[in-house]
Amino acid sequence: MNMTAMSDDYLLMSDEYLLNAPLETLMAQAASVRDEQYGNVHTYSRKVFIPLTYLCRDVCAYCTFAKPPKAGEPIYLSRDEVLAIARAGAAAGCTEALFTLGERPELRYRAAREALAALDHESTISYLAEMCQAVLEETGLLPHANPGTLTAEELAQLRRVSVSQGMMLESISERLCQPGGPHYGSPDKHPTARLETLERAGEQKIPFTTGILIGIGETREERLEALHAINDSHSRHGHIQEVIVQNFRAKTGTRMKAAPEPDLEDLLWTIAAARLICAPEITIQAPPNLSESTYPRLIAAGINDWGGISPVTIDHVNPEAPWPHIQSLAEETAAQGKLLVQRLPLYPQYFFARATWLDTNLIAPTLRSADSDGFARAESWCPGSQNPPPAPAYIPNITPDARLTAAIHAAEQGDALKEHDIIRLFAARGTEFEAVCASANALRQKTNGDTVSYVVTRNINYTNICGYHCRFCAFSKGKSHEDLRGPAYDLDLAEVSRRTEEAWARGGTEVCMQGGIHPDYTGDTYLALCRTVKEAVPQMHIHAFSPLEIQHGATTLGLSLHAYLEKLRNAGLASLPGTAAEILDDEVRAELCPDKLNTAEWLEIIEAAHEVGLRTTSTIMFGHIEQPKHWARHLLRLRALQTRTGGITEFVPLPFVHMEAPLYRKGGARQGPTYREAILMHAVSRLVLNPVIPNIQVSWVKLGLEGAKECLNSGANDMGGTLMNESISRAAGAAHGQELEPERMEALITAAGRTPRMRNTLYGDAPASQRARAFGAAELTPIILTKPSFNKAARTRAAAQ
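Residues numbered from 1 in each chain as written. Predicted model: local features only at pLDDT ≥ 70, side-chain atom pairs only at ≥ 80, totals over all residues. Heavy atoms only, no water.

Asks: When you look at the overall build of the chain in this model, what are you seeing that I'm missing?
Replies: When helices and strands are counted, the chain shows 31 helices and 20 strands. Relative to its length of 801 residues, the chain is compact, with a C-alpha radius of gyration of 30 Å against a globular reference of 28 Å. Principal axes of the C-alpha set define a box for the chain whose edges measure 100 × 60 × 45 Å. Relative to all contacts within the chain whose residues are 6 or more apart in sequence, the contacts with residues 24 or more apart total 78%. For the chain, the exposed area adds up to about 29,200 Å²; of that, 51% sits on carbon and sulfur atoms. (Helix = DSSP H or I, 4+ residues; strand = E, 2+ residues; numbered from the N terminus. Rg over C-alpha atoms; globule rule 2.2 N^0.38 Å. Contact = heavy atoms within 4.5 Å. Areas by Shrake-Rupley, 256 points an atom, 1.4 Å probe, with all protein chains shown as cover.)

In C-alpha cells form, the structure reads like this:
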C-alpha cells in the first residue's frame, strides 16, 4: 500500500493512491480508521436553525439562501423572533442553536446598514453576538455561529458567546473565483480570505467546523488540496472539530440550476478521502437530508456524524431537502451496526479541555448540557430531584461488539479487567446498556440470590462545621458557607446519647457517625463519641469516621494510623464507612478536594483499618467533573485493595447531588450523572468487582425509589440503611426524605420481586428482637442541633478520661 507517514499518530494516503485506488478499497480503509477512533458510536446534534438574515454581499452561483432586501420585509430577525425559535427548540430537546446568515450584508446594502442602526449595532457580527448571548441566557441552548469569514476581533467577539464556530471552506481553487465561476463576485469566497479565517480560529482556540462543497466545478485534485489545507491548519492548532462533505444540489432560481450534481460514487470517494486525509479525531460528516436512501453507503465510506438535525426548523440553506425523522435515522444507522448518539455543538474532546477551548462564561451552561462522555444530556432527571426518571426510549437493536462482549465475559469469570475494558463497559448505550445490566443482574443472582438486604440504622452527623474546602460539599459550614442550607451545629454528647437510645428503641442495630472536620476536634473527640454510644447502648454497632476523620484524629494525638485505629476499636468502633473517597484519582481530587486526602492516603487508611480488624465499606461519588476513565481507575484501585485485604463489605455508588453544591453553584460541575450513568455504575461495579466485593448497595436517598428498583435489576443487592436522619444529601438538595421505614423498605423490595432481609452492618441477620422493634416503631422525636462551640475539644478530652 502506497502510504507516507504524516505523524506518529496516523498515516496519510498519498494523493496518487487516493486518486487511483478502487473505491471499495478506499471505503473499507476509511471505515477501518473511523471504527478504530469512534467504535460503534455515530453522532448527530439536535438543533434549531436560526437564519438571522438572508442578506449577503456575496453572489454564489448555487445559493438560494441569500436574498436581496424587499420593501416591507425585515432585514434581520428580531430578538423576540430569535428567542421564539430557540425556545421551541429547547422544548423539543435541542441543545444547539445554529446561527446561519449571509456574509457582511451591510457592506452591500443600505437597507442592512439602516436596520443595524435601528438595532443600535454597527455590524451584523455585533448583532449576532448579542443574539447568541440572548439565546444562551434565556433558553440554555448552546450557540454555534456560522457567519463566514471573520477578522480576529470578530472571532474573539463571538468566542465569548458561542461554544463553537464554523465556516465552510468549500474550495481553495482560485479558478472558481474567476469570471464564469461559481464564486465570481463573491469576495468572501476567495480561498485566501477563508484560509485566513480558518487559521485565526485556530490561533484563538475556537472549536471549529468546516468542510468542502463538491460538484461546483472543482477537480478531485482540488478537493484533496482543500482537505490537506484543513488538516494542515488542524495540525498546527488542533481546532477542527468536523469536516463536512456536502454535495452540490442544483436549485431553481440560481445560475447553476442546470449544472450536473455529483453522483453517489463521487460523494463516497470524497468522504473516504476526507477520512483518510484528516486526523482521526476530526469527525467526518455528511448531511443526511442531501443524500436520501444512501445512508448505508455513506456510513460505509467512513462518516461518523450526521450533523445537525432539527425537529423544529427546516434546513434554510437547502429548503427543498427535509430533515429525516430522528427515529428513522436511528434505525437506519443501527442497521449498519452504529448507535445514534446526540452530541453537543462542542465535541467531547473540546468539552473535556474546556478550560482551553471555551470562554469562562460558557463553561457552566456547557456542563449543564453534557453527560460524562461529553455528549448531550437529554433529560431533566438528576440525582436527588423529584423529577421522574426518563421514559424508556425506543432503542434500535445493536449487537454488542466484540470488545464489549469480551469485557462482559471476562468480568463474569471474575477476571480483573483493564482500564480500557471498563471504559468500554461505561460507554454502553441502547441495547448494549441493556446487555451490561442483564449480565450484572445475572451475576447478582448467582452471588446473592434473590435476597435484598438492608440495615436499620441511624445517621448521626455530629457537626457540620468543617475546616476543609471540598468544592462539592453543601453540608459543611464555615465562613464561606453561611448561605447554604441549615444552621451550623456541633452536637452535645447528651444528644448523641439520646439519638442512640432512640435508634435502639426503634429497632436500630447501627449508628453511622460522620461529620465535618471541626477545627477544635482532636482524636479524643472521636474516642468520646464512641464511648458515649457504648455507654448509652452497649449492643449498638458503631459504624463511624471517614478516612479523613481517622487521619485528623491520629495526627492531632501524634499517633500512627494503626495505633489510633486500635484505640478507636477499643473504645467501641466496629467498622468504618469508606467515604471521603469521592474519585480515587488525583487528577480529579486536585480540582474537587485539593486540601483533602490524596488517593494513596485514602487507600492507606482503609488498609490500616483492615489490618487492625476493622471492616469498611467503599464508595464513589460521581457525576461532577470526572470522566469514565476516572471511574475505571477508582474501581481498579478498590479491587486491588480488596484483593490484598478482603476487608471491604460493600461498594456504594453515590451519585452527585448538585443543587446546593458550591462547585455547581459556581458553574464548575455537571448536574450529577444521567439516569443511564447512575444505573450503569451499579451494573459495571458488579462486574468489575466480581468476585472480591460481593455486595453492591444502592442509595435510595439519592436515586429515589424508582431509581433504586431499577438498580436492583442491574446488579445491586442491598438497599443500605433506613437512615432515620439524613443530613448530607438533604443539604445538597436531595428531596427523597430522611427515613425509609422497614415497612416501606420491604414493600419496595417485595414489589421488585425480591425477598427482603433485615441485616446487621457486617451482613449477618439482624437480631429477632430488633426486627420486632423496627416494625411499627414510634415516630422520631425532634432532633436538637446544639449551637456551635469552639472549645469543645477540652470538653471531649475530659469526657474521654
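Asks: Whenever I open this one, the sheet that holds strand β12 (residues 451-455) confuses me. Can you help?
Replies: The strands making up a sheet associate through backbone hydrogen bonding, with each pair oriented either parallel or antiparallel. In space, the three strands of this open sheet follow the order β19-β12-β20, with parallel pairing throughout. Looking at which strands have only one partner, the edges of the open sheet turn out to be β19 (718-721) and β20 (755-759). Taken over all neighbouring pairs, the strand axes of this sheet differ in orientation by 20° on average, direction set aside. Pairing of β12 with β19 involves two bridges; the strand directions are parallel. Following the sheet pairing, Ser453 is matched in β19 by Asp718. (Pairing = 2+ DSSP bridges. Axes fitted to C-alpha atoms, helices over the stretch in contact; angles between N-to-C directions.)

Asks: Would you take a moment to explain the sheet that holds strand β18 (residues 648-655) for this structure?
Replies: Here we have six strands laid out as an open sheet, ordered β13-β14-β15-β16-β17-β18, and parallel in their pairing. A strand with exactly one partner marks an edge of an open sheet, and here the two such strands are β13 (457-461) and β18. Averaged over neighbouring strand pairs, the angle between their axes works out to 30° when direction is ignored. Looking at chain direction, strand β16 (residues 573-576) and strand β17 (residues 615-622) are connected through two bridges and run parallel. Across the sheet, Ser575 pairs through a bridge with Arg615, a residue of β17. Of the strands in this sheet, β16, β17 and β18 touch helix α23 (residues 599-611), which is tilted by about 160° from β17.

Asks: How should I be thinking about helix α15 (residues 402-412) in this particular structure?
Replies: Since one α-helical turn is 3.6 residues long, residues separated by three or four positions face the same way. Considered for burial, the residues of α15 that qualify are Leu404, Ala407, Ile408, Ala410 and Ala411. All buried residues of α15 fall inside an arc of 165° around its axis, so they share one side. For α15, the N-terminal capping position is held by Asp401, with its side-chain oxygen 3.3 Å away from the main-chain nitrogen of Arg403. Just downstream of α15 lies Gly414, where phi reads positive at about 85°. (Buried < 20%, exposed > 50% of the residue type's maximum accessible area, 1.4 Å probe, protein only. Arc of directions from axis to C-beta. Polar contact = N/O pair within 3.5 Å; in protein donor to acceptor, adjacent residues only side chain to side chain.)

Asks: What exactly am I supposed to notice about the side chain of Thr617 here?
Replies: Relative to the elements of secondary structure, Thr617 occurs in strand β17. Residue Thr617 is classed as buried on the basis of its relative accessible area of 7%. Within the structure, Thr617 has its side chain in polar contact with the backbone nitrogen of Gly578 (distance 2.7 Å).

Asks: I'm lost on the side chain of Asp266 in this one. Help?
Replies: Note on placement: Asp266 falls in helix α9 (residues 264-277). A relative accessible area of 13% means that Asp266 is categorised as buried. A polar atom in the side chain of Asp266 sits 3.1 Å from the side chain of Arg220. When sequence neighbours within four positions are dropped, the list of residues in contact with Asp266 reads Ile214, Arg220 and Arg223.

Asks: Hey, could you run me through the nonpolar core in this one?
Replies: Inside soluble globular proteins, nonpolar side chains tend to come together where they are buried. Val436, Met513, Phe545 and Met719 are the most contacted members of the largest nonpolar core, which has 117 residues in total. In terms of residue count, the dominant contributor to this core is helix α26 (residues 675-688) (nine residues). In this structure, Met719 is in contact with Val452, Ser453, Tyr454, Gln697, Val698, Trp700, Ala708, Leu712, Leu740, Met745, Leu748 and Ile749, ignoring residues within four places of it in sequence. Ranked by size, the runner-up nonpolar core spans 83 residues in total, among them Ile206, Ala229, Ala274 and Ile303. (Core = buried A, V, L, I, M, F, W, Y, C linked by side-chain atoms within 4.5 Å.)

Asks: Can you walk me through the pattern of salt bridges in this structure?
Replies: For side chains bearing opposite charge, pairing can occur when the charged atoms are close. Within this structure, the stated rule accounts for 42 salt bridges. Of the charged contacts, one joins Asp266 and Arg220 as a salt bridge, the two residues approaching to 3.1 Å between their closest N and O atoms. In this pair, Asp266 is assigned in helix α9 and Arg220 in helix α8 (residues 220-237), connecting sequence segments 46 residues apart. With a shortest N-O distance of 2.5 Å, Glu582 and Lys596 are connected by a salt bridge. With Glu582 in the loop between β16 and α22 (586-592) and Lys596 in the loop between α22 and α23, the pair connects residues that are 14 residues apart, well separated along the chain. (Salt bridge = Lys/Arg side-chain N within 4 Å of Asp/Glu carboxyl O.)

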